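One letter stands for each residue in the lines below.
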Amino acid sequence: MAGEAGLRERLAAGRLARAGLIDGAGIERALALMARMAEEGVETLRVLFTDQHGVLRGKTLVAAALPSLFERGLAAPSTLLLKDTSHRTVFPVWSAAAEVAGDMRGAGDILMVPDPETFRILPWAPGSAWLLCDLAYASGAPLPLCTRGLLRQAVAQLAERGMELVVGLEVEFHVFRVTDPRLDHAGATMPGQPPETENIAQGYQFLTELRYDAMEEVMEGLRRTCEGLGLPLRTMEVEMGPSQIEFTFAAGDPMTQADQLVMLRTAVKEVCQRRGLHATFMCRPRVENGAASGWHLHQSLLARDGGRNLFEPEGTEALSPTCAAWVAGLLAHAREACLLTTPTVNGYKRYRPHQLAPNRIVWGRDNRGALIRVLTAPGEPASRIENRAPEPAANPYLVFAAQIHAGLAGLTQELPLPQAVEDPYDALAEPLPKSLQEAIDAFGASRLFRGAFGTAFVDYLCQIRQAEWDRYQQAVSDWEQQEYFGLF
């Protein structure tokens, strides 16, 4: 026990403790984690953070280095937060005068601060485990670009009003068989050339048993992975498109669900790549006869005092007043939030009519074509709403934070709820953004999100997404080549 006491003293005197980034309870959790790693024979720990795109990045420590992680944190290059989806740094970090998000010139370090509650042993990698982190400046000061931190702030604001959000995940994705991984030198571009693939099953037989059986081996492998990670998987479903799958999960608090979604996406991709498969959460892959994927976000509000579902209507109400105001807030700020719910160029190609995806800012009762699908009834404790805007590639911390801030705006301003629609694709209503550029402009002009996230973060995210949009606009498409190359 002398060794444990000495380690406790070491952590209490360390940089994280001095900066207030770990307290006494956190030190006890860290000690318990170290003991568990020793008991379960964990040899390497993948220490990770979620970047601006919802992608996990980090370093791997050997078990013997774990005490230093909780004593000092782990340094990482600040440029990891300054990259677009091609992994190019899009801020002038070598300029003394130019504007750089977070004033992170010179490609210096940021600090990864581990969260022991996120520890997961990896079922597919014996002797290895994951640990997620928050981010701080190297000095230990809060880093305003940490998306996990932004969600924590939003959850705290909701708690101040005596409420907590409960969210449930329905996530669609594709799993293909790799026919050419593009590991040739010519394929090592930036970003890398995508693998060539084929289906593992034909599609367009939604929820049929025959298609499920064709994909059962893959499904079962992913199920065991999810359960091995402690993810609360509920159902595995054959979706409409070829090789398309939907997983649904039990509801929970936003931070836990966000952590679980980034774990799910990474685990699915890693397990599949070990089996000669390619899993993608890209919204609308360019594959022949393919289908778009969505992320359907169920949510309800609970009273912190007693846990009453504030979305459950009473008597003859169609919607509770809280639910109506919350939905009104989501609708009022839907365009501004699209850069968070749909952060890629590709995602806007899903917003098409009659495709079970929204294209207008409307709500409906149990209507899968509406942006907000309302599923509430008196006496129904599971009363909830479903936001059908997000794409599966979105950063979940930002998506959940956006829902909280928009919903709270509806509550605090007592926004009136528009009439429900039954014809979501024909209604005279404001459209969702038709492109990433429209979404950038709407988010950049948002007073709500500038107040909620801070001007520095809004400008930062707009610059990253603008770099992606500009590269997309400058690329010559197959359409242009076919249209003009022969004609002119």
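Description of the structure in this document. (Residues numbered from 1 in each chain as written. Predicted model: local features only at pLDDT ≥ 70, side-chain atom pairs only at ≥ 80, totals over all residues. Heavy atoms only, no water.)

## Section: the overall build of the protein chain
Each helix and strand in the protein chain was counted, giving 15 helices and 15 strands. For a compact globule of 488 residues, the expected C-alpha radius of gyration is about 23 Å, and the protein chain comes in at 23 Å, within 12% of that figure. Dimensions of the protein chain, computed from the C-alpha atoms along their principal axes, are close to 70 × 65 × 55 Å. Buried residues in the protein chain amount to 54% of all 488 residues. Summarising the internal contacts of the protein chain: among those between residues at least 6 apart in sequence, 70% fall at separations of at least 24. Accessible surface, the protein chain as shown: approximately 21,700 Å² in total, 51% of it carbon and sulfur. For the protein chain, the distance from the average site of its 46 positive side-chain charges to the average site of its 59 negative ones is 3 Å. (Helix = DSSP H or I, 4+ residues; strand = E, 2+ residues; numbered from the N terminus. Rg over C-alpha atoms; globule rule 2.2 N^0.38 Å. Buried < 20%, exposed > 50% of the residue type's maximum accessible area, 1.4 Å probe, protein only. Contact = heavy atoms within 4.5 Å. Areas by Shrake-Rupley, 256 points an atom, 1.4 Å probe, with all protein chains shown as cover. Lys, Arg positive; Asp, Glu negative; His and termini not counted. Charge placed at Lys NZ, Arg CZ, Asp CG, Glu CD.)

## As for helix α12 (residues 436-444)
Taken residue by residue, α12 has Leu436, Gln437, Ala439, Ile440, Ala442 and Phe443 as its buried positions. Of the surrounding elements, those touching the buried residues of α12 are α10 (334-341), α13 (447-453) and α14 (455-474).

## Re empty space enclosed by the protein
Empty space among the atoms becomes visible once a probe the size of a water molecule is rolled across them. Per the counting criterion, the structure on display carries 3 cavities of 30 Å³ or more. Roughly 100 Å³ of internal volume is contained in the largest cavity. Looking at the largest cavity, it is lined by 14 residues, and the ones nearest its centre are Leu330, Ala334, Ala337, Asn387 and Gln403. Of all the secondary structure elements, the ones that give two or more residues to the lining of the largest cavity are α10 and α11 (396-412). The residue makeup of the lining of the largest cavity, split by class, is 10 nonpolar, 4 polar and no charged. Estimates place the volume of the second largest cavity at around 40 Å³. In terms of lining, the second largest cavity is formed by Gln52, His53, Leu339, Leu340, Pro343, Ala393, Ala394, Asn395, Leu398, Leu461 and Arg465. At the level of secondary structure, the elements contributing two or more residues to the lining of the second largest cavity comprise α10 and α14. Here the lining of the second largest cavity is built from residues that sort into 7 nonpolar, 3 polar and 1 charged. (1 Å grid on protein atoms, 1.4 Å probe; cavity = no way out; pocket = protein on both sides within 12 Å on 5 of 7 lines; lining within 4 Å. Points joined across faces, edges and corners; volume = space filled by probe spheres on them. Nonpolar A, V, L, I, M, F, W, Y, C, P; charged D, E, K, R; others polar.)

## Quick word on the packing of aromatic side chains
Aromatic ring pairs are defined here through the distance separating the ring centres and the angle between the ring planes. Across all of its chains, the model carries 14 aromatic pairs by this definition. Relative to Tyr460, the ring of Phe91 has its centre 5.9 Å away and its plane inclined at 25°; by these criteria the two rings are stacked. Taken together, the positions of Phe91 in the loop between β3 (74-77) and β4 (109-114) and Tyr460 in helix α14 put the pair 369 residues apart, joining distant regions of the chain. Each member of the pair, Phe91 as well as Tyr460, is classed as buried. Their ring planes at 75° and their centres at 5.4 Å tell us that Trp124 and Trp130 sit as a pair that is edge-to-face. For Trp124, a relative accessible area of 10% puts it in the buried group. Among the aromatic side chains, those forming a connected cluster through ring pairs are Phe91, Phe443, Phe449, Phe453, Phe457 and Tyr460. (Phe/Tyr/Trp six-rings, centres within 6.5 Å; stacked < 30°, edge-to-face > 60°.)

## Describing the packing of helix α7 (residues 216-228) against helix α8 (residues 254-274)
Two numbers describe how α7 lies on α8: the axes approach to 10 Å, and their chain directions differ by 135°. Between α7 and α8, the crossing angle belongs to the class labelled oblique. The crossing of α7 and α8 is right-handed. Every residue of α8 that contacts α7 at Leu222, Thr225 and Cys226 is listed here: Leu264, Ala267, Val268, Val271 and Cys272. Considering only residue class, the contact of α7 with α8 consists of 7 nonpolar, 1 polar and no charged. (Axes fitted to C-alpha atoms, helices over the stretch in contact; angles between N-to-C directions. Parallel < 35°, antiparallel > 145°, perpendicular 65-115°, else oblique. Left-handed = near helix turned anticlockwise from the far one by under 90°.)

## Details of unusual backbone geometry
Across the junction of Met190 and Pro191, the peptide omega takes the value 0°, indicating a cis bond. On the secondary structure map, Pro191 appears in the loop between β7 (163-180) and β8 (196-199). A positive phi angle, near 70°, is found at His87, a position not held by glycine. Here His87 lies in the loop between β3 and β4. The phi dihedral of Asn289 is positive, around 65°, even though this residue is not glycine. Position of Asn289 among the secondary structure elements: in the loop between β11 (277-280) and β12 (295-303).

## Here we look at the nonpolar core
In this structure, Phe70, Val175, Phe247 and Tyr460 are the most contacted members of the largest nonpolar core, which totals 145 residues. Considering each element in turn, this core owes the most residues, 11 residues, to α11. What Phe70 contacts, discounting residues up to four positions off in sequence, is Leu11, Leu16, Ile22, Ala30, Leu33, Met34, Pro114, Pro116 and Leu131. (Core = buried A, V, L, I, M, F, W, Y, C linked by side-chain atoms within 4.5 Å.)

## Comments concerning the pattern of salt bridges
In a structure, side chains of opposite charge can pair up when their charged atoms sit close to one another. Applying the stated criterion across every chain yields a total of 27 salt bridges. The shortest N-O distance in the salt bridge between Arg148 and Asp259 comes to 2.8 Å. On the criterion of sequence distance, the pair formed by Arg148 in helix α5 (residues 147-160) and Asp259 in helix α8 is long-range, its members being 111 residues apart. Accessibility expressed as a relative area gives 3% for Arg148, which makes it buried. With its nearest N and O atoms 3.6 Å apart, the salt bridge here joins Glu164 to Arg304. (Salt bridge = Lys/Arg side-chain N within 4 Å of Asp/Glu carboxyl O.)

All quantities given are derived from atomic positions and should not be read as evidence of function.
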